[in-house]
Each structure stands twice: as structure tokens, then as C-alpha cells.
Amino acid sequence: MYDVIVMGAGLAGLMAAAAAAELNKKVLVVAKGRGNLYSASGYIDFLGYYPTDCRQPLENVVEALEDMVNDNPQHPYALLGKEKVDQAFDFFLKIMNRAGYSYSGSWKKNRIYPTAAGALAPTSLVPQRSCLDLASYQEILVVGFREMLDFYPFYAADNLREQFYQQGEKKLIRAAWLDLGLSKERELNSYDLAVALEDEAVRFRLAEQLRVKVSENTLVILPAVLGIRKWARVQGDLERMLACTFLEIPTLPPSVTGMRLAESLMEYLEQRGVEFQLGYPVTGALQEGKKCTGIKIETASGRVQVKRAQSYVLATGGILGGGLKVKPGGITEEIFQIKIEMLQEMSNQDFFAPQGQPLSRTGIRVNGLLQPVGAQGEPLLTNVFAAGKNLTGYDPFVEKSGNGVALVSGCAAGWLAGKGAL
Amino acid sequence: MGDNYDVVIIGGGATGTGIVRDLAMRGLSCLLVEKEDLATGTSGRFHGLLHSGARYAVRDPHSAQECVQENRILKEIAANCLEDTGGYFIALKEDDPEYIRVWLEACRQVGVATEEISPSELLKQEPVLHKDVTKAYLVPDAAVDGFTLAAANALSAEKLGAKVKNYTRVVGFKREGQRITGVFLRNAITGQEWEVNCRLVINAAGAWAGQIGELAGVNLNIIPDKGVLIVFNHRITGKVLNRLRPPGDGDIFVPHGSVTIFGTTSRATHDPQDNQATREDVLQLLAEGRKMIPDLEEMRLIRAFAGVRPLYQASDQEGTGRQATRDFSLLDHEKLDGLNGFISVVGGKLTTYRLMAQAASDLAAQKLGNDKPCLTHLEPLANLGIERDKDKKHLCQCEMISKGMLEKAVKGKEQFSLSDIRRLTRLGMGPCQGTFCTYRAAGFYHELKNLTAQEGNKLLKEHVQERWKGARPVLWGGQAQEIEINRGIYLSLLNLDRLDSGDYV
Ligand SMILES: Cc1cc2nc3c(=O)[nH]c(=O)nc-3n(C[C@H](O)[C@H](O)[C@H](O)COP(=O)(O)OP(=O)(O)OC[C@H]3O[C@@H](n4cnc5c(N)ncnc54)[C@H](O)[C@@H]3O)c2cc1C
Ligand SMILES: Cc1cc2nc3c(=O)[nH]c(=O)nc-3n(C[C@H](O)[C@H](O)[C@H](O)COP(=O)(O)OP(=O)(O)OC[C@H]3O[C@@H](n4cnc5c(N)ncnc54)[C@H](O)[C@@H]3O)c2cc1C
């Protein structure tokens, strides 16, 4: 018997487990697969654009959050309120520090970082090692690797130059390809390269090729490939050898930055006594009235195992993470068989429409306690708290809030579940 | 003033490109104009079946006979553009056994080779099929790629001196009394207009042929008929699969590269440009398809699209939709309407494009006093030269496309979109539908072609948008999840929605 069972090991699930563990609860995390952190960037975007049709990054985030309570009360941030947001962010910064992979920044202020296409994009928290102010660099070198097809330095550099120019900033931005001679046989992704760069000899080769191109004022922007576990060593070595600054940016999945976040967090949670059962799906639940009394886990042998707790966190990632299934006839949350209101039209003709896509906004409706609710707002379950991409009311992709909502709602769900399990 | 040609051909589908090759081989000087890219009309929005003739044997024996002949010829001259899969016709319990007898006899009459195979043997080879198959026959169906077919015909013609201009629309005709003497053209991208002179114009504009007729002042009764097709993320069967019953909706599966195309429907439309598939069409097709493949609804759909059949009705008495003839018509407007220098070739099927081209070219040659015979059935089409190379670093992993292939595909192109490249190489056509390779290809071409940042962004966004159009009617199951990943990459990771690129829709 556990105090809290968390379903899902994405950022929402991991934060829920951390929050409940912080209350000294006995916690089990069950997940069928890795969360989306392995694809998404390791940056935490709280709210980049609001209302979503604005083109410029949000300046006053606190004010936007207040507006949101009025214009979009179903938004997870609006449901939870500013205080919970504050607490969740403080908590995240604190535990990541303890986990040895510190973050910096604040949800109240957007920082501007380049993307792999060279767009300047708002984000809130970045790993400490990537914390810098672009404005203070006059000279930027964007670097790609010949063996990797997931990053194009000249394209990114052109867009960056254009973006800075529009803001009236003139910088010297150059691009270069490096060839580490790693693989002629197949293309490498960022994970392969990150593993390779943990080898000192490969790192040395990189430094040799870069040496002639950089000075100590250069900011080197490159895809996030500077080591997985030995990240501190890899970047530290390079900066020592070349005396310039490195900024890793996330590119196509798999995501090395997200992986570092997920793995440090999981390691930390294990140390705190959180148990993990990974690789198996939760296939159903036992219920007495509105109370969940157990969940069914399908094990490798095909046997069904029942696990019980006082409270449960449902952080199975929505359509993206596999927690919600879309069929021609309707959308259902598969563990508790929660029916999701089917939208008339699931899509806008314009993929990039500023109002977002109904498909991305679809999810479970919850109340301020994160309990799933029915059409009249009545709770469907009293000891189950939903979080992350499972929730409706926001399109993380246009407003740039995916990890932010996962973090805040995950934390809140963990606290609520933990407290409910007194 | 303007340039002078013997013949101007309107339409860069299979028919038009077939004609320009045929006439170029006869030594005539030709210009082909296409308002978009080659095979963006029906020749790129079709089922991809090189008919054996079996489907039409009962109701349209003449048409079936043409298919038999052309099927054999194309397997010789266009081997690079098709995959000789072979095909099955299968009858289910509910299908009329009497029809099987009639069909077999009709196939024999028109010369379609059929070979019976036992249901148990069939199920061994294609285990996904319904257990209630009562009869099954092998026929020489094949899968054909309309994009590379049109491109290879065009290239063959260009090698003989013909001019092929895409993104060039015919906006009017030059006339002297009752004679067409040239065309007015407009560049679809820059808007620039010019004119060329010619001795003869051939209207091969498919479902748009009626509109071209109108521009020339003649009446052409084209009934555009829309058909919807859906694409699954894998090869469901190794061979083409047909239902052995009178032709209807949702009864053919065609394996294509790494995917399967299933369809189709038949519905009259008013607009030849009407190529949007709807969710309802898709559900209707799935309901039919399930009868042949019971697990169909569990399989991953990746997109839906539609094409418009150029059905031609000489008089109002003839049938429409599936009843209309699949035969083609060659119209000599000098005889029909007293207008000189203008002929139209309409209707038909992609399978018989070469024959249509031959008929149109014979008439054109005769009118222009050229007595060279048609040789198109004897000589293989030009090689596009973008076959797979040894490079194992694949920019598009689904379809295994290297940088070298992309480089060859863009050679000589001044204006291009990733869709144009996709048609030549299958870039982004596989299971992930461009989720990964669109960004890669845009980054690659940005550098290769010295594009500006904006042009690179446009290339990227336009293609993401195009793939989205196909995914919208099938937003469920794995595809709904894939689209979420797609949005994660293009909006969250890259912030493309806030990056300027002019118009991309
Ligand atoms: C490519 C991409 C890039 C992104 N980039 C960013 C970014 O730069 N910044 C940002 O802020 N956001 C970004 N996002 C959005 C953000 O990643 C998501 O909104 C967020 O990760 C969702 O977290 P989650 O914990 O709710 O879900 P997920 O991370 O998807 O986790 C769901 C978990 O539930 C498990 N699960 C599902 N069903 C079951 C079941 N039946 N039984 C057991 N376990 C189950 C899954 O295996 C998984 O462990 C991006 C998204 C994508 C796709
Ligand atoms: C759903 C569906 C499935 C089909 N399946 C098969 C099959 O499996 N096998 C088979 O053999 N046949 C099939 N067909 C039929 C076959 O696709 C068509 O008969 C054939 O592609 C027609 O080719 P075309 O060159 O005549 O017309 P198109 O390919 O449509 O070419 C006409 C071209 O003219 C261009 N054009 C129009 N107006 C202008 C202008 N003003 N200026 C310049 N250019 C202009 C258009 O852009 C277009 O590209 C199918 C048809 C449909 C609709």
C-alpha cells in the first residue's frame, strides 16, 4: 500500500512524485514509457505569448496571468492561481539544485534564447550552465556537425542575424560546419554525438577544429550534444581549452537537454525513496463510487497486477503522451474511462494558426483541486488528480507553456495527493 | 510577338507530358505549360494503379483492352516509374458468385491473364485478409508513380529539344478569325505575362479541360468527379488488392513505396480544384475496406487526399460517376466547332495516357503535315537520375533519401517548393509525413541554393502546412499523436510560428 501512486513519468509525473515525496509520503511512479522530456527541450517555458495572437514575447508575465483568470478560467494556470505557480517554481529550482542539475530564471520574466531554426524564442528557466545574456555577445559562431542531419548552422545563423537586425542590433554572426569524422555509415543524432563527446579524444578534435574560428569573445552556439552524464566535464573542458562561451540549443528529438533533466530528477527521486515501475502500462482502475481503490498494471507476462494507494496522480500526457486515445467516434482517457468532450472541428486549416489547434487543446476538464469533472462541473473522482498535458484549456505549442504547465500542475497534483493521503 | 512553336500543349499531367514526348520524337517543336508543377493535377492525386484491365473487363471491354495493351507497354518503357507487384481480385461470401463467372469470361475475351489461387494459399501470403474469401485470382496489376512518370516523359521530350515550363498558366488564346494562333501565358509565382505563337494548341488539361475550352470559346462537357483516397503507414499487402464485384467505392488497396493507398469514392463536383478530403469520406471508406481487411481500423492512417476525374460526356444522355465511360475522347474542334488549330484530349485513365497521347499526336501530326509514326511504345523513358545512391546518411529516414538525391532533384530548378521535391523523391511521404525531414530539407536547401532566411522559412512552413492538409481528415489514433509531436517540433522547439516567412498557406 502506497500513499500516492503517480501514473506517468513525464515532467508532470516526476514533479508530482517529488512534491508528494517532499511531504514524506510513500510514492510509486508507474509509467509505460519515457516521458516527452526525451523529445522536448530541457527548457521550462512558462508562458511565452499571451494572448496567443501576439507576435512579440510577453513582457509582463504576472499581468498576463491575471488576465488569464478572466479570459480563460479553464487554463491550468488560472485554475491553480499565482501562489501555486510561485510555489511550484521555487520548489523546482530547489530540488534541481539538490539533484545536481541547477536551473536559473523565473516564471515572471521571459528570457530570450535562439532555437535550432534561429528564431529568438521566450523561455523561463534554463539549465544554469546555459544561463547567459545574448545581448552581451557581439560575436556569435553557429556550429553544426557534418555527421548530424538535425541542425543547419547557416540557416540558423541567417535567421538569427535577421532577428537581431529587426531589433536594431548588429552582431557579427557566422556559421561553420565541423566534421568529427565519427561516422560515415549512418547519420548521427544528438544523443549519439553527446555520447561520442564524452570521449576526451573526440572533444579534443572538436576543440582543434574550432580553435582557428573563435576568440575569447565568441559565443559558440551549437546543438545540445555536450555530453549526457558527464555534461559538466565536457563543456568545462571545451571552455577551458578555447576560452570562449558555449550555448547548447535543443534540436530535433532525441533531446539531450531534456534527458539530463529527466535523469537527474529520477535519480534524485530514487534517493528520496520514490519507487519506480517503468515499462508497463496502467490498463484500468478499481473504483468504489468516486473513489479509486487501485490501479491495474499489465506486467511483462501479461498478468495484471493491482497496486493500491490513498491518492493517485494521473499524469499520462494527454494525446501526446498516450494517456488520451482519439478514435473517430470520440476521445477517452483510458484508465478511468473518462469521456472527453468531442470538439466539432478538431483542427484549423492553418497549421500555425495563432489561436492554436483544438486537437492540442483537448484534455480532461478539472476543477481547482485538479479532480476530473463532468459536464456540470461535478467531480468524477475524488482522490485522483490530473496534471500536465492531460489537462484541457491550453495549447502549449502556440503559447509556449508545455513544460510550465507540466511543472506547476504536476507539483500541485503531488501536493494535493500527498495531503489527501494524511 | 513572342516565341514560335509548332505545338503548345496545355497540362503537365500524364497525358500532356505523354504528348510532348510523342511530338518531340516526331521532330516537332513543342512547348508544354503547366500552371503548377508537373503531376500536381489528377496525375498526382490518383490511386497509383497500373490497371491490368480486369476492373473494366465486364462493363467497359474496349477500355479494358486498352489497359491490357498499355499495361504491357509501360512495364517495358516505364519500368523505373512502377513496381510490378501483381494484383489479386478477391470475392467475399457476400459477393455475387454469378458475377465471378461473367468476370472470368470477360477477362478471357479482352485478354487479361487470370490465375486462380486457393483462399488458403492466399491467406498464407496475405494473412491480414478476411477469412471469408471465397475465390481469388492473380492478375498483372502493378503500382505506378504518377509524379516520376510525368517527370520522365517531360525529361525525354526536353532531351529532344522540347520546352517544358511549370508554374505557367494559360490565361487566353491568340486568334485570327476562326484559327488559334498562340497562347497568352502568366507566371504563377511572379505574375509576369507573355505570349507565344504556334500552329496548334493541344488541350490536355484533364478536369480543367472545360475551363480551357471556355477560354477558347468552345463548349466541352467535362464532369469533374471527385475521388477520395486514404494512406496507411505501411504496406498492408504485398500485391494490389481488388474486390471481385462490379466496381464500387472503397474496393482497391495499392501498395506504394513504404505505404498503402486505399480508395476510392466517386462524387460529382463543380470545381476541378476541389481536392480536399473530409472525415466523412474517410469513415465511409474504412467501413467498406473493413470487409476485405477486418483489422483496417486498427491500422495507422497517415493522410487523406482527393483527386478529380476528368470524365467527359459527349451528350447529356450518357451516365455520370461510375457509370460514365473510362474511355478517352479525342476532340477535333475544327470538325466539331469550326475552330482551327485546337484539339482536346480528355477522359481516360492514367494507365492509358500513352495511347491518349498517341491519338492526339497522330491527329496533330496529320494536321501539321508531319508523317513520322509514333514510336513512344518502343523506347524507354529517360532516366530521371535521382535513384538511390550509396550514401547511408538519410535526410528522410522513412523513404531513405540522401542529400545527393535532394541535390539531383533540384537541379535546374529556379523556383521550387518542398512539395515539388517530394513528388520526385518521395521526401516526407512515409510514415512520419515530414515530421523530421521537412526541417532537414529546408536547412539543406537553404544552404545549397543560397536562399535567404525568409525563403528557407517559407520552404519549411509551406511543406508543414501541406502535410497538415492531408492529416486533418484522419486526426485520430497514432496520427493524432504524430501531429502533436509535429507541433512540438515546429512550434515549441523551433518557434516557427513566430518566424517571418511571408505567405505560406
Ligand atoms: C517535440 C516537442 C518539443 C517540445 N518542446 C517544448 C519546449 O521546448 N518547452 C516546453 O515548455 N514544452 C515543450 N514541449 C511540450 C512539453 O514537452 C509537454 O507539454 C510536456 O512534456 C508534457 O508533460 P507530461 O508530463 O504531461 O506528459 P509526458 O511527458 O508525455 O508524460 C506522459 C507519461 O505518461 C506515460 N503514460 C501514458 N499512458 C500511460 C498508461 N496508460 N500507463 C502508464 N503510463 C502511461 C508515458 O509513458 C509518459 O511517461 C514540447 C513537446 C514536443 C512534442
Ligand atoms: C481518385 C482517383 C483515382 C484514380 N485512380 C487511377 C488509377 O489507379 N489508375 C489509373 O490508370 N487512373 C486512375 N485515375 C484516373 C487518372 O488519374 C486520370 O485519368 C489521369 O491522371 C488524368 O491525367 P491528365 O494528364 O489527363 O490530367 P491531369 O493530371 O489533371 O493534368 C492536367 C493538368 O493541367 C493543368 N492545367 C489546368 N489548367 C491549366 C491552365 N490554365 N494552364 C496550364 N495548365 C493547366 C493542371 O494543373 C493539371 O496538372 C484516378 C482518378 C482519380 C480522380
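Rules behind the numbers
Residues numbered from 1 in each chain as written. Chains lettered and ligands numbered in written order. Predicted model: local features only at pLDDT ≥ 70, side-chain atom pairs only at ≥ 80, totals over all residues. Heavy atoms only, no water. Helix = DSSP H or I, 4+ residues; strand = E, 2+ residues; numbered from the N terminus. Rg over C-alpha atoms; globule rule 2.2 N^0.38 Å. Buried < 20%, exposed > 50% of the residue type's maximum accessible area, 1.4 Å probe, protein only. Contact = heavy atoms within 4.5 Å. Areas by Shrake-Rupley, 256 points an atom, 1.4 Å probe, with all protein chains shown as cover. Phe/Tyr/Trp six-rings, centres within 6.5 Å; stacked < 30°, edge-to-face > 60°. Lys NZ or Arg CZ within 6 Å of the ring centre and 35° of its normal. Buried area = accessible area lost by both parts, 1.4 Å probe. Salt bridge = Lys/Arg side-chain N within 4 Å of Asp/Glu carboxyl O. Nonpolar A, V, L, I, M, F, W, Y, C, P; charged D, E, K, R; others polar. Polar contact = N/O pair within 3.5 Å; in protein donor to acceptor, adjacent residues only side chain to side chain. Pairing = 2+ DSSP bridges. Axes fitted to C-alpha atoms, helices over the stretch in contact; angles between N-to-C directions. Near = heavy atom within 4 Å. Domains from an automatic or database assignment. Expected span 1.5 Å × (residues − 1). Parallel < 35°, antiparallel > 145°, perpendicular 65-115°, else oblique. Left-handed = near helix turned anticlockwise from the far one by under 90°. Patch = residues over 30% accessible without salt bridge, like charges linked within 9 Å, V, L, I, M, F, W, Y side chains within 5 Å. Lys, Arg positive; Asp, Glu negative; His and termini not counted. Charge placed at Lys NZ, Arg CZ, Asp CG, Glu CD.

A.B. asks: Which residues make up the overall build of chain B, and what values do they have?
C.D. replies: When helices and strands are counted, chain B shows 14 helices and 20 strands. The C-alpha radius of gyration computed for chain B amounts to 23 Å, which stays within 12% of the reference 23 Å derived for 505 residues, consistent with globular compactness. Seen through its C-alpha atoms, chain B measures out along the principal axes to roughly 65 × 60 × 40 Å. Out of the 505 residues belonging to chain B, those deemed buried represent 64%. Pairs at least 24 apart in sequence give 72% of the contacts found in chain B among residues at least 6 apart. Of the roughly 18700 Å² of accessible surface on chain B, a fraction of 49% belongs to carbon and sulfur atoms.

A.B. asks: Account for the packing of aromatic side chains, with residues named and values stated.
C.D. replies: According to the stated counting rule, one finds 18 aromatic pairs over all chains in the structure shown. For the ring pair Trp103(B) and Tyr137(B), a centre distance of 5.5 Å and an interplane angle of 55° mean the geometry is tilted. Residue Trp103(B) is located in helix α3 (residues 97-110), and its partner Tyr137(B) is located in strand β7 (residues 133-139); the two are separated by 34 residues in the primary sequence. Here Trp103(B) matches Tyr137(B) in class, with each residue buried. Put simply, the rings of Phe46(A), Tyr77(A), Phe89(A) and Trp107(A) touch in pairs and so form one group of aromatic residues. Residue placement shows Arg34(A) over the ring face of Tyr38(A); its charged tip is 4.4 Å from the ring centre. Taking the ring centre of Phe351(A) as reference, the NZ or CZ of Arg487(B) above it sits at 5.6 Å.

A.B. asks: Outline unusual backbone geometry, supporting the account with residue identities and numerical values.
C.D. replies: All names here are of chain A. The linkage connecting proline 253 with the following residue, proline 254, adopts the cis geometry, with an omega of 0°. As for its placement among the helices and strands, proline 254 is situated in the loop between β10 (245-249) and α8 (256-271). Phi is positive for alanine 243, which is not a glycine, with a value near 55°. Summarising the element assignment, alanine 243 is placed in the loop between α7 (231-242) and β10.

A.B. asks: Now, about the interface of chain A and chain B: what can you tell me, with residues and values included?
C.D. replies: On the chain B side, the residues contacting the 59 residues of chain A number 50 residues. Of the roughly 5000 Å² buried at the junction of chain A and chain B (both faces included), carbon and sulfur atoms supply 58%. Looking only at chain A, the three residues that lose the most surface to chain B are Tyr155(A), Phe351(A) and Phe352(A), adding up to 18% of its buried area. For the pair chain A and chain B, the interface holds five salt bridges. At the level of elements, β5 (120-123), α4 (153-166), α9 (318-321), β16 (324-327), α10 (358-361) and α11 (396-399) of chain A are the ones that each hand at least two residues to the side of chain A that touches chain B. A per-element tally of the side of chain A that touches chain B places α4(A) first, with five residues. Classifying every residue of the side of chain A that touches chain B gives 30 nonpolar, 16 polar and 13 charged.

A.B. asks: Tell me about the side chain of Thr265(B), and name the residues and values.
C.D. replies: Mapping Thr265(B) onto the fold places it in the loop between β16 (259-263) and β17 (267-268). In terms of polar contacts, Thr265(B) uses its side chain to reach the backbone amide nitrogen of Val228(B), at 2.9 Å.

A.B. asks: Tell me about the sheet that holds strand β12 (residues 282-288) of chain A, residues and numbers included.
C.D. replies: Residue and element names in this part refer to chain A. Pairing is antiparallel across the open sheet formed by three strands, whose spatial order is β12-β13-β14. Each end of this open sheet is capped by a strand with a single partner; those strands are β12 and β14 (304-307). Direction aside, neighbouring strands of the sheet carry axes that sit 30° apart on average. Bridge count between strand β13 (residues 291-298) and β14: four bridges; the pairing is antiparallel. In the strand pairing of β14, lysine 296 is matched with valine 306.

A.B. asks: Can you tell me about the site of ligand 2, naming the residues and giving the values?
C.D. replies: Residues and elements named next belong to chain B. Taken together, 36 residues are adjacent to ligand 2, and Thr15, Glu34, Ser43, Leu49 and Thr351 come closest. Take lysine 35: an N or O atom from its main chain is 3.1 Å from a nitrogen atom of ligand 2. A total of 1000 Å² of accessible area belongs to ligand 2 in isolation, and the protein chains cover 97% of it. Counting residues per element, the ones that place at least two in the shell around ligand 2 are α1 (14-25), β10 (168-176), β13 (222-232) and β18 (301-312). When residues of the shell around ligand 2 are assigned to their parent elements, the largest contribution, four residues, is made by β18. In terms of residue class, the shell around ligand 2 is built from 14 nonpolar, 17 polar and five charged. Residue-level mapping places the shell around ligand 2 at the junction of two domains, with at least three residues from each of domain 1 (3-42 + 147-221 + 323-367) and domain 2 (82-142 + 223-312).

A.B. asks: Go over the domain arrangement of chain A, please, and point to the residues and values.
C.D. replies: Many authors give the size of an interface as the accessible area that is lost as the parts come together. Here chain A is described as being made up of domain 1 (111-258) and domain 2 (280-308 + 317-390). Computed over C-alpha atoms only, the centres of domain 1 of chain A and domain 2 of chain A are separated by 38 Å.

A.B. asks: Provide a residue-level description of helix α5 (residues 146-159) of chain B, including the pertinent values.
C.D. replies: All names here are of chain B. For α5, which comprises 14 residues, the first-to-last C-alpha distance of 20 Å matches the rise-based estimate of 20 Å (1.5 Å per residue) to within 8%. Counting buried positions along α5 yields 11 of 14 residues, so the element is predominantly enclosed. Of all the residues in α5, the buried ones are Gly146, Phe147, Thr148, Leu149, Ala150, Ala151, Ala152, Asn153, Ala154, Ser156 and Ala157. Looking at where α5 begins, the residue whose side-chain oxygen comes 2.8 Å from the main-chain nitrogen of phenylalanine 147 is aspartate 145. Of the residues one or two after α5, glycine 161 is the one with positive phi, at around 100°.

A.B. asks: Explain the packing of helix α13 (residues 453-471) of chain B against helix α14 (residues 477-493) of chain B to me, and be specific about the residues and the numbers.
C.D. replies: Residues and elements named next belong to chain B. The interhelical angle for the contact between α13 and α14, taken along N-to-C directions, is 165°, at an axis separation of 12 Å. Classified by the interaxial angle, the pair formed by α13 and α14 is roughly antiparallel. You can see that α13 and α14 cross each other, and the crossing is left-handed. The residues of α14 that touch α13, namely those facing Leu460, Val464, Trp468 and Ala471, are Gln479, Ile483, Asn486 and Tyr490. Of the residues belonging to the contact of α13 with α14, the class tally is six nonpolar, two polar and no charged.

A.B. asks: Any details on the sheet that holds strand β18 (residues 338-340) of chain A? Residues and values, ideally.
C.D. replies: All names here are of chain A. Strand order across the open sheet formed by three strands is β16-β17-β18, with antiparallel pairing between neighbours. In this open sheet, the two strands that pair with only one neighbour each are β16 and β18. Put simply, the sheet's adjacent strands are angled 25° from each other on average, direction ignored. Judged from the four bridges that link them, β16 and strand β17 (residues 330-333) form a sheet pairing that is antiparallel. What sits directly across from valine 326, in β17, is isoleucine 331.

A.B. asks: Give me the domain arrangement of chain B: which residues, what numbers.
C.D. replies: Residue and element names in this part refer to chain B. Domain parsing of chain B yields domain 1 (3-42 + 147-221 + 323-367), domain 2 (82-142 + 223-312) and domain 3 (403-498). In this structure, domain 1 and domain 3 have C-alpha centres spaced 31 Å apart. Facing the 11 residues of domain 1 at the interface are six residues of domain 3. Both faces considered, domain 1 and domain 3 share a buried interface measuring about 680 Å² in area, 54% of it formed by carbon and sulfur atoms. Among the residues of domain 1 in contact with domain 3, Asp37, Phe147 and Tyr167 are the three that bury the most area, contributing 54% of the side total. On inspection of domain 1 and its partner domain 3, the count reaches one salt bridge. Between aspartate 37 and arginine 423 there is a salt bridge whose closest N-O contact spans 3.8 Å. Across the domain 1-domain 3 interface, the total number found is one residue pair in polar contact (both at pLDDT 80 or more). Class assignment of the residues belonging to the side of domain 1 that touches domain 3 gives a composition of six nonpolar, four polar and one charged.

A.B. asks: Outline a positive patch on the surface, supporting the account with residue identities and numerical values.
C.D. replies: Taken together, the side chains of Lys32(A), Lys325(A), Lys327(A) and Lys339(A) make up a positively charged region of the molecular surface. Position of Lys339(A) relative to the elements: it lies in strand β18.

A.B. asks: Account for the site of ligand 1, with residues named and values stated.
C.D. replies: Gly33(A), Asn36(A), Ser41(A), Lys389(A) and Asn403(A) are the nearest of the 36 residues found near ligand 1. Ligand 1 sits at the junction of chains A and B, each of which supplies nearby residues. Within the backbone of Asn36(A), an N or O atom sits 2.7 Å from an oxygen atom of ligand 1. Contacts to ligand 1 include Asp45(A), whose side-chain N or O atom sits 2.8 Å from a nitrogen atom. Contact with the protein chains covers 97% of the free accessible surface of ligand 1, which is 1000 Å². Listed by contribution, the elements that provide at least two residues to the shell around ligand 1 are α1 (11-22), α9 and α12 (402-420) of chain A together with α14 of chain B. No other element matches α14(B), which puts five residues into the shell around ligand 1.

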